[in-house]
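# Topology and contacts: notes
This is what each chain is made of:
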Amino acid sequence: MMEQLQENRLASDKVANTTHATQGEQSPEQPVISVGHLLREGRERMGWSIEDVVNQIKLAPRQIIALEADDFQSLPETAFVRGFVRSYAKVLQMDAQTLLDALPGAQVSRAKVDALGAKPTFPEGSPERRQNLNLLIGAFFIALLIVGFAIWQANVPQQPVIEQVKTVATGALVTTPVELPVQPEIMVGSDVAAADALAASAVLPVSAVPDAAVVQPAQAVAAPVTEGKAVASVSKLRLVFDNESWTEITEQSGKVLTRKVYQPGEVLNVEGVAPFGLVIGHAPKVHLYYQGKLVDTAPHIDASSDVARFTLK
């Protein structure tokens, strides 16, 4: 174990020296540092599999595979990628900072941070300084006006509301406003007809109101008929693994049918609704059958990582 840790540290020092040389005078002959290749070498020196690394850090197998393949487009934004590399390097006892400096766009991001951190300075008596001072004074006076208006509004006496009662001659049309409740009541059947009769009698003269009102029940409303939905057909997939492979399969609804690392000799049978989204690690060593027919995955395999990503309809 101590020899493996020493080898990892030597690999980190090698990355640091290469990174410093790259930050100096760059030449077309200098090789590009592969962070994923270095991480994979460190894991293999430790004698660990991808499952062993998953048990050490809180990363999914597909994320570890993407890191070792330099497939940063399949990972979240840059801030998360830097966290993944830092955690992975810590487990392998490697220098995390040198790996972070070797990530794509690391030097550009550092230059942007330095540029944003610099605060502009204005000379004494410059137009920009006077403009900022005028804006500050104006904001102060506006705040004083708002506070003064609020205090004046609070001290204004409230005018009493005088209700006027008018006497209406007998037999005249009388209307009485009715306050509606906050939560309206839902009335059905005979209650709706009774309410309509009561509203009609409220605007008639007292002598014209009948002694009794005949209420007719409301007609029942037929419930709409919903048409049945068509049932989607189910398709079958079969995968035979000749090598260790991280595999993820999702169906049409986005439901994950499987997501794990399969060992050599294992066979996977799944059913779901097409189209299927597939991510297969070490794809040349995996045989895929769809509805009993062998599927050629070669056109979808990334040559640098042996990972196949495609949609099967």
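For the structure itself, look to the data block above.
Note that the structure is a prediction, hence the values are computed from the model and not measured.

To continue, consider the pairing of strand S6 (residues 286–290). Side chains Val 286, Leu 288 and Tyr 290 of S6 all project onto a buried face; the interleaved residues His 287 and Tyr 289 project onto a face where none is buried. Across five bridges, strand S1 (residues 235–241) lies against S6 in antiparallel orientation. Bridged to Phe 241 within S6 is Val 286. The pairing of S6 with strand S7 (residues 293–295) spans three bridges and is classified as antiparallel. Opposite Leu 288, over in S7, you have Val 295 as the bridge partner.

All right, on to the sheet that holds strand S4 (residues 267–272) then. A sheet is described by the order of its strands in space; here four strands give the open sequence S4-S1-S6-S7, paired in antiparallel fashion. The outermost strands of the open sheet, each flanked by one partner alone, are S4 and S7. When strand polarity is set aside, the average angle formed by the axes of neighbouring strands in this sheet is 25°.

The step from Ala 274 to Pro 275 runs through a cis peptide bond, and the omega angle for that step is 5°. Mapping Pro 275 onto the fold places it in the loop between S4 and strand S5 (276–280). Positioned with a positive phi, Asp 70 is a non-glycine residue whose angle comes to about 55°. With respect to the helices, strands and loops of the structure, Asp 70 is situated in the loop between helix H4 (61–68) and helix H5 (78–91).

Membership of the largest hydrophobic core comes to 30 residues, with the highest contact counts inside it found for Val 35, Leu 67, Val 85, Tyr 88 and Leu 99. Mapped by element, the contributors of at least two residues to this core are helix H2 (35–46), helix H3 (50–56), H4, H5 and helix H6 (96–101). In terms of residue count, the dominant contributor to this core is H5 (six residues). One finds Phe 241, Phe 276, Leu 288 and Ala 308 within the second-largest nonpolar core, a separate group that totals 17 residues.

Together, Leu 133, Leu 136, Ile 137, Phe 140, Phe 141 and Leu 144 line one region of the surface with nonpolar side chains, adding up to about 630 Å² of accessible area. Secondary-structure assignment places Phe 141 in helix H8 (residues 127–155).

Take H4 next. With seven of eight residues buried, H4 is to be regarded as a mostly interior element. Summarising the contacts, the buried residues of H4 are in contact with H2, H3, H5, strand S2 (245–250), strand S3 (256–262) and strand S9 (307–312). Downstream of H4 by one or two residues, Asp 70 has phi in the positive range, about 55°.

Across its 12 residues, H2 extends 17 Å between first and last C-alpha, which sits within 8% of the 16 Å expected from 1.5 Å per residue. Buried within H2 are the following residues: Val 35, Gly 36, Leu 38, Leu 39, Gly 42, Arg 43 and Met 46. Each buried residue of H2 lies within a common arc of 165° when the element is viewed along its axis, so the set occupies one face. One or two positions beyond H2, positive phi appears at Gly 47, with a value near 75°.

About the cut-offs
- Residues numbered from 1 in each chain as written.
- Predicted model: local features only at pLDDT ≥ 70, side-chain atom pairs only at ≥ 80, totals over all residues.
- Heavy atoms only, no water.
- Buried < 20%, exposed > 50% of the residue type's maximum accessible area, 1.4 Å probe, protein only.
- Helix = DSSP H or I, 4+ residues; strand = E, 2+ residues; numbered from the N terminus.
- Pairing = 2+ DSSP bridges.
- Axes fitted to C-alpha atoms, helices over the stretch in contact; angles between N-to-C directions.
- Core = buried A, V, L, I, M, F, W, Y, C linked by side-chain atoms within 4.5 Å.
- Patch = residues over 30% accessible without salt bridge, like charges linked within 9 Å, V, L, I, M, F, W, Y side chains within 5 Å.
- Areas by Shrake-Rupley, 256 points an atom, 1.4 Å probe, with all protein chains shown as cover.
- Salt bridge = Lys/Arg side-chain N within 4 Å of Asp/Glu carboxyl O.
- Contact = heavy atoms within 4.5 Å.
- Expected span 1.5 Å × (residues − 1).
- Arc of directions from axis to C-beta.

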